Amino acid sequence: MAKKKVTIPDNEKQQELERDKEHPEDTLLTTNQGLKINDNQNSLKAGERGPSLLEDFILREKITHFDHERIPERIVHARGAGAHGIFQLYASQEKYTKAKFLNDTNTATPVFVRFSTVAGSRGSSDLARDARGFAVKFYTEEGNYDLVGNNIPVFFIQDAMKFPDLIHAVKPEPHHEMPQAASAHDTFWDFISLMPEAAHMIMWVMSDRAIPRSYRMMEGFGVNTFRLINEKGEAHFVKFHWKPVLGAHAVAWDEALKISGKDPDFHRRDLWEAIENKQYPEWELGIQIVAAADEHTLGIDLLDPTKLIPEEQVPVEMIGKLTLNRNPDNFFAETEQVAFHPGHIVPGIDFTNDPLLQGRLFSYTDTQLSRLGSPNFHEIPINRAISAVHNNQRDGHMRQTINTGRTSYQPNTIGGGCPFQAKLSEGGFTSYEERIDAHKIRDRSESFSDHFSQAKLFYNSQSTAEKKHLTDALRFELGKVEITAIKTRMLGILSQIDRLLAENVAAGLGLEVPEQPEKPINQGIPADADPEKYEPTPIHLIIESSAALSMDRKENKGIVSRKVAFLVADGVDGQSLEDARDALLDEGAVVKVIAPHGGFIRNADGEDIPVDHTLLTTASVLFDALYIPGGAASIAALKQDPDAIHFINETFRHCKAIAAHPDAHALINVTYVASHADKNKDSGLYLDDDMEAFIAGIGLHRFWDLEEERKVPA
Ligand code: HDE
């Protein structure tokens, strides 16, 4: 029998993974012992209608394996999607770090990336309002380096001690396990309203950042401050950034809610399809460097993970590009079994004393031990380093490696002393020699007490439309809270950030902002602590606003991979459809033909055009823009179709670009678009078929500033 020809991809990790792949093409079915199976339909029975026999080892093997297919999901970040790719460095960073993958511009480093939501279970919707995980595993020649970040640059809490509390508060409530993948409930806001250190993160998770348009259109951040160490042993502080080449964009909350029903796999599918279409997602890696001597000059404590370094204070230097160019072959083997750990570092990168990071360094391996079931999870193909692994760690469940030789201890003579420790000159790792001279205490630095300045900076930096979204998000979330005292306490916190924000949220809730919030506002303090010591310090803005914190930048990053819906029915003008499609495809957009029925649409010239989706199987919220080709019969049919009219109104409501052939005006006239049709092109409506302007409009993503006037019932 011909063996299937396997093309081995030209990247070291891909070649390494290939060894473990199973290819079923042109093969015969076997048991796990390699026995060929003749009947996979019937169990072994005592007679045609008799009982099944215990002897049936084929049935037993099949069912036993099935019974044990599930592993525990991640305690956080359970829902995710992953992809393979490469990282290419632009220029050597040797002045900061000796990490080889950040020195050598000639080698592309293989990577595996997993994006995730935080709170929901494995089967929850991609569009939950939540932070997103952005975890990157670099398979470097010096071992695996994991940059385990989020799409938000700060975090809720300052100390790992509070992580289980935070997660218990946000997860579904323990008595009835509701709500799924949502922070809009009492326990979350109860906790947050008692922890003012969460104020800055709350601004981010209530902003559009928490409902990205796509994984491909979100920024990533290492959050914790790390250290880069150069060959001379000198340290610089570093904050890591990922900047998406397509720009950072969000959907509207109304869309997010609808997408969760229409396609809960929206982000996963988007990532998958972009890679299958070879429209490879890309990010630039950026670093913010702070010299050790400048540690205390920025007005923030670099060890406090609720703070970011404004780009106006320390610019982000772009040092390389990440490209995701290959989908996994098997979700479970790769995306589910991948195990990231902020403690997986290489020489040239080191930690700081950030108390959140320090706790993270313990947690990841620990949780992976129970999730993956054995200390040998580093041997799972997706987790294996491409550099050689030699040590005396042995045995354990599911051990794959066959370690040879008599010795599994060091020092030894019987094994010739092997494996040897690596000298520094041979790439041996050594921790950064930070001098520490301190009392052993449970406490928090007073430099961690500024909880509101950067929350205000973030709010100030949002556009008017983004501020409205943030306000509405808080109205939604707190509106779902049942206990009034929690809402009032939250209004107290918000009033510390911005009085008008608090008042606007309060108006939506039908409550008053408390004049003087309860003191001490911070209830997350030690039993014997002096509350005054824990009082948040007054707001001190180093800069008034920061452009990098807003996503509403009116920048046109092109329309590659943007999805445009073509609304058509029988009798469509084939020429207008083709012309518009060609113009959009030339710019890299994805065009889908949507019609009242499936199969084919017959155009005005009697030719058949394949239909991609029907009005039943898709929805406007799954697209970036809408085009309506001409053709009197098509327009007349769509005019009679309430789903088509809804599709147009909803696209309009969500401030997306809409273009139409002049024939389509009869249809536009029965929609809410009609009342705005005389607006100029800056309003995202191109009803004179101006494709060039339409393409530019799609590139702007959305016309959020028109949202209020477009809030039509759709
Ligand atoms: Fe995580 N986090 N985390 N986290 N985290 C996990 O590890 C933890 C934090 C992040 O796609 C867990 O393997 C603690 C910040 C991502 O597999 C667990 C604390 C940031 C992922 C864990 C934090 C992250 C995780 C659960 C506070 C942004 C998904 C499953 C002290 C920088 C990785 C697992 C993937 C996953 C612990 C806070 C990012 C429980 C204790 C801050 C992207 O070990």
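Residues numbered from 1 in each chain as written. Predicted model: local features only at pLDDT ≥ 70, side-chain atom pairs only at ≥ 80, totals over all residues.

Student: Can you break down the overall build of the protein residue by residue, with the values?
Tutor: Secondary structure assignment for the protein yields 18 helices and 18 strands. The C-alpha radius of gyration of the protein comes to 28 Å, within 12% of the 27 Å expected for a compact globule of 714 residues. Reported as C-alpha extents along the three principal axes, the dimensions of the protein are approximately 90 × 80 × 60 Å. Out of the 714 residues belonging to the protein, those deemed buried represent 43%. When contacts within the protein are restricted to residue pairs at least 6 apart in sequence, long-range pairs at least 24 apart make up 74% of them. (Helix = DSSP H or I, 4+ residues; strand = E, 2+ residues; numbered from the N terminus. Rg over C-alpha atoms; globule rule 2.2 N^0.38 Å. Buried ≥ 20, exposed ≤ 12 C-beta atoms within 10 Å, placed from the backbone. Contact = placed C-beta atoms within 7 Å.)

Student: Report on helix α18 (residues 691-699), specifying residues and quantitative values.
Tutor: All buried positions along α18 are accounted for by F694, I695, G697, I698 and G699. Tucked inside the fold, the buried residues of α18 contact β11 (563-567), α14 (574-586), β16 (625-628), β17 (657-660) and β18 (685-686). Of the residues flanking the end of α18, it is H701, one or two places downstream, whose phi is positive at about 75°.

Student: Tell me about the confidence of the model for the protein, and name the residues and values.
Tutor: The predicted model of the protein averages 96 in pLDDT, with 97% of residues at 70 or higher. In the predicted complex, the global pTM is 0.97; the interface-specific ipTM is 0.97. (pLDDT = per-residue confidence, 0-100.)

Student: Help me get a handle on the UniProt feature "domain: Catalase core" (unreviewed entry) in the protein, residues and values and all.
Tutor: Feature annotation in UniProt assigns "domain: Catalase core" (unreviewed entry) to the following positions: residues 30-418. Within the segment residues 30-418, helix and strand shares are 20% and 19% respectively, and the terminal C-alpha atoms sit 41 Å apart. (UniProt positions renumbered as here; feature names shortened; annotations may be inferred.)

Student: Describe the packing of helix α4 (residues 186-193) against helix α12 (residues 484-497), and please don't skip the residues or the numbers.
Tutor: Relative orientation and spacing of two packed helices are given, respectively, by the angle between their axes and the distance between those axes. Across the interface, α4 lies against α12 with an axial gap of 9 Å and an inter-helix angle of 40°. The pairing of α4 with α12 is recorded here as oblique in orientation. In terms of crossing hand, the pair formed by α4 and α12 is left-handed. Side by side, α4 and α12 meet where D186, W189, D190 and S193 of the first sit next to I486, R489, M490 and I493 of the second. (Axes fitted to C-alpha atoms, helices over the stretch in contact; angles between N-to-C directions. Parallel < 35°, antiparallel > 145°, perpendicular 65-115°, else oblique. Left-handed = near helix turned anticlockwise from the far one by under 90°.)

Student: Break down the pairing of strand β8 (residues 282-291) for me, citing the residues and quoting the values.
Tutor: Examined bridge by bridge, strand β7 (residues 235-244) and β8 share 9 bridges and lie antiparallel to one another. Paired with H236 across the bridge in β8 is A291. The pairing of β8 with strand β9 (residues 317-326) spans 6 bridges and is classified as antiparallel. Its bridge partner lying in β9, W283 is registered against L322. (Pairing = 2+ DSSP bridges.)

Student: How would you summarise unusual backbone geometry if you had to cite specific residues and measurements?
Tutor: The residue after M178, namely P179, is reached through a cis peptide bond having omega -10°. Even without a glycine there, the phi angle at K278 is positive, about 60°. Secondary-structure assignment places K278 in the loop between α7 (266-276) and β8. At C655, a residue that is not glycine, the phi angle is positive and equals roughly 60°. Relative to the helices and strands, C655 is located in the loop between α16 (642-653) and β17.

Student: Account for the domain arrangement of the protein, with residues named and values stated.
Tutor: Annotation of the protein at the domain level lists domain 1 (80-383), domain 2 (452-525 + 532-549) and domain 3 (563-706). Placing the centre of domain 1 and that of domain 2 at their C-alpha centroids yields a distance of 25 Å. Between domain 1 and domain 2, the contact holds 27 residues from the first and 33 residues from the second. If you list the elements that add at least two residues to the side of domain 1 that touches domain 2, you get α4 and α5 (199-205). Of the residues that constitute the side of domain 1 that touches domain 2, the class distribution is 12 nonpolar, 7 polar and 8 charged. (Domains from an automatic or database assignment. Nonpolar A, V, L, I, M, F, W, Y, C, P; charged D, E, K, R; others polar.)

Student: I'd love a proper account of the pairing of strand β4 (residues 143-150), names of residues and values included.
Tutor: Most of β4 is tucked away: 7 of the 8 residues are buried. Taken together, strand β3 (residues 132-140) and the strand that follows it, β4, pair antiparallel across an intervening segment of 2 residues.

Student: Which residues make up the site of the ligand, and what values do they have?
Tutor: Near the ligand lie 27 residues; those nearest to it are H77, R114, G133, A160 and V223. Within the residue set of the shell around the ligand, elements represented by two or more residues are β2 (109-117), β3, β4 and α9 (355-372). For the shell around the ligand, the element with the most residues is α9, which contributes 7 residues. For the shell around the ligand, a count of residues per class yields 14 nonpolar, 10 polar and 3 charged. (Near = placed C-beta within 6 Å.)

Student: An account of α14 is needed here, citing residue identities and associated values.
Tutor: A rise of 1.5 Å per residue sets the reference length of α14, with its 13 residues, at 18 Å; its end C-alpha atoms lie 18 Å apart and thus fit the reference within 8%. Taken together, the buried positions of α14 are G574, S576, L577, A580 and L584. Angularly, the buried residues of α14 cover 165° about the axis, an arc narrow enough to put them on a single face. Among the exposed residues of α14, those oriented more than 90 degrees off its buried face are D582, L585 and D586. Positive backbone phi, at 90°, marks G588, one or two positions downstream of α14. (Expected span 1.5 Å × (residues − 1). Arc of directions from axis to C-beta.)

Student: Explain the sheet that holds β16 residue by residue, including any values.
Tutor: Read across the sheet, 6 strands follow the order β15-β12-β11-β16-β17-β18 without closing on themselves; strand pairing throughout is parallel. The sheet is open, and its two edges are formed by β15 (613-614) and β18, each paired on a single side. Pairing analysis gives 4 bridges linking β16 to β17, with the strands arranged parallel. For L626, the partnering residue across the bridge sits in β17 and is I658.

Student: Describe the nonpolar core, and please don't skip the residues or the numbers.
Tutor: V564 and L567 are the most contacted members of the largest nonpolar core, which totals 162 residues. Discounting chain neighbours no more than four positions away, the residues touching L567 are I594, L626, I628, L638, A644 and F647. (Core = buried A, V, L, I, M, F, W, Y, C linked by C-beta atoms within 7 Å.)

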